[in-house]
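Reading the structure
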Amino acid sequence: MFCDYEGSDYRTRFWEGANRAYEDAVERVALSHLLPARGGRIAEFGAAFGRLADLYAGYQQVLLIDYSRSLLREAQQRWGSDPRFKFIVADIYHLPLRDGVLDAATMIRVIHHLADAPAALRQVRRSLAAGATFVLEFANKRHLKAIARYALGRQAWCPFDPQPVEFAPLNFDFHPRWMLAAARAAGFEVRARRAVSYLRVELLKRWLPLKLLVGLDALLQPSGAIALLSPSAFVQLVVPPADGAPDGRGLTGEAIFCSPRSGAPLRREGDALVCDADGTRWRAEENFYDFKTPL
């Protein structure tokens, strides 16, 4: 299970109309330190309306993947004229990507909405080639405000308990130890960690200049290498170079796709990609591919 943002006003309500310039800026700082600036093919899982897509300018091909058709249409309106982009409606638990086709990937503000985070991590890992980098952001259970609330008796769940907590339906906070163990179990090595959004306090955001807030956060972010105590945690995960994983980076065009039902190859037939192995047909229009519901 996961949250479906189909038809939502996520862009206008949550970002443009909610004073989140600080969150956007500090997440960009973290990504600039953890994500290789250049590469072949990159995917953003849970890309929504393409907020961070400009950060992938150094990549030869960019796959923006989300379960919401409506949000991806917004991303297409913004980035669709760039031939490097493909927009893919897909279920993170059943990715329509061949093994090892990605050089890099990101997942920002997504995994806290997934009921089975380890399954999602395994799917991402499958799509990455040996040596590839994956930047994952997760909502941190063990952050300073949660610790203070628990100490004062204002919060029932313990921030030091390693198990995830679902504080609202399909909204999870994760202990760093649990999430990093899940990443290693999926086949990743943990290379770097950054603590992000320490200053996510409305009073500070209202009274301090944005440039100052972002500068202070940038100075604090490397503390994540010692301990992750911020509300948002960014980790750089790498597929071991000697992993022996399938390398699909040489695949081009629509050969990178597979059926999300069977994993079998697809072929083009008009405005559809067809799987002869399982009989499914998936809508494919120019650079927009819909693997949410078969035709």
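Scroll up to find the structure.
Read on for an overview of the structure. (Residues numbered from 1 in each chain as written. Predicted model: local features only at pLDDT ≥ 70, side-chain atom pairs only at ≥ 80, totals over all residues. Heavy atoms only, no water.)

A look at the pattern of salt bridges
Pairing of side chains with opposite charge becomes possible as their charged atoms draw close. Rules: Salt bridges, as used here, are contacts in which a Lys or Arg side-chain nitrogen is within 4 Å of a carboxyl oxygen on Asp or Glu. Relative accessible area decides the class of each residue, using a 1.4 Å probe on protein chains only: under 20% of the type maximum gives buried, over 50% gives exposed, and in between gives partly exposed. Per the convention used, a helix needs a DSSP run of H or I reaching at least four residues, while a strand needs a run of E reaching at least two, with both numbered from the N terminus.
Evaluation of the coordinates by the stated rule reveals 24 salt bridges. A salt bridge links E16 to R11, with the nearest nitrogen and oxygen atoms 2.8 Å apart. Residue R11 is classed as partly exposed on the basis of its relative accessible area of 27%. Of the charged contacts, one joins E202 and K205 as a salt bridge, the two residues approaching to 3.2 Å between their closest N and O atoms. A residue pair is termed a helical-turn pair when its members lie 3 or 4 positions apart in one helix, as E202 and K205 do in helix α7 (residues 202-207) at three residues. Among the charged side chains, a salt-bridge network with shared partners connects D24, E27, R28, R51, D54 and R109.

Concerning the sheet that holds strand β1 (residues 39-45)
Just so we agree on the cut-off: Paired strands are those between which DSSP finds at least two bridges. In this analysis an axis means a line fitted to C-alpha atoms, helices contributing only their contacting stretch, and an angle means the value between N-to-C directions, from 0 to 180 degrees. Between two residues, a contact is recorded if the distance between any of their heavy atoms is within 4.5 Å.
The mixed open sheet is built from eleven strands, whose spatial order is β8-β9-β5-β4-β1-β2-β3-β13-β12-β11-β10. The outermost strands of the open sheet, each flanked by one partner alone, are β8 (189-196) and β10 (267-269). When the angles between neighbouring strand axes are averaged without regard to direction, this sheet yields 20 degrees. In this structure, strand β3 (residues 85-89) lies alongside strand β13 (residues 288-290), joined through three bridges in parallel fashion. Paired with V89 across the two strands is D290, which belongs to β13. Of the strands in this sheet, β4 (102-107), β5 (128-139), β8 and β9 (232-238) are in contact with helix α2 (residues 21-34), which crosses β8 at around 155 degrees.

Describing helix α3 (residues 69-79)
What counts, and what does not: In this description, the arc belongs to the directions extending from the helix axis to the C-beta atoms.
By the burial criterion, the buried members of α3 are L71, L72, A75, Q76 and W79. All buried residues of α3 fall inside an arc of 145 degrees around its axis, so they share one side.

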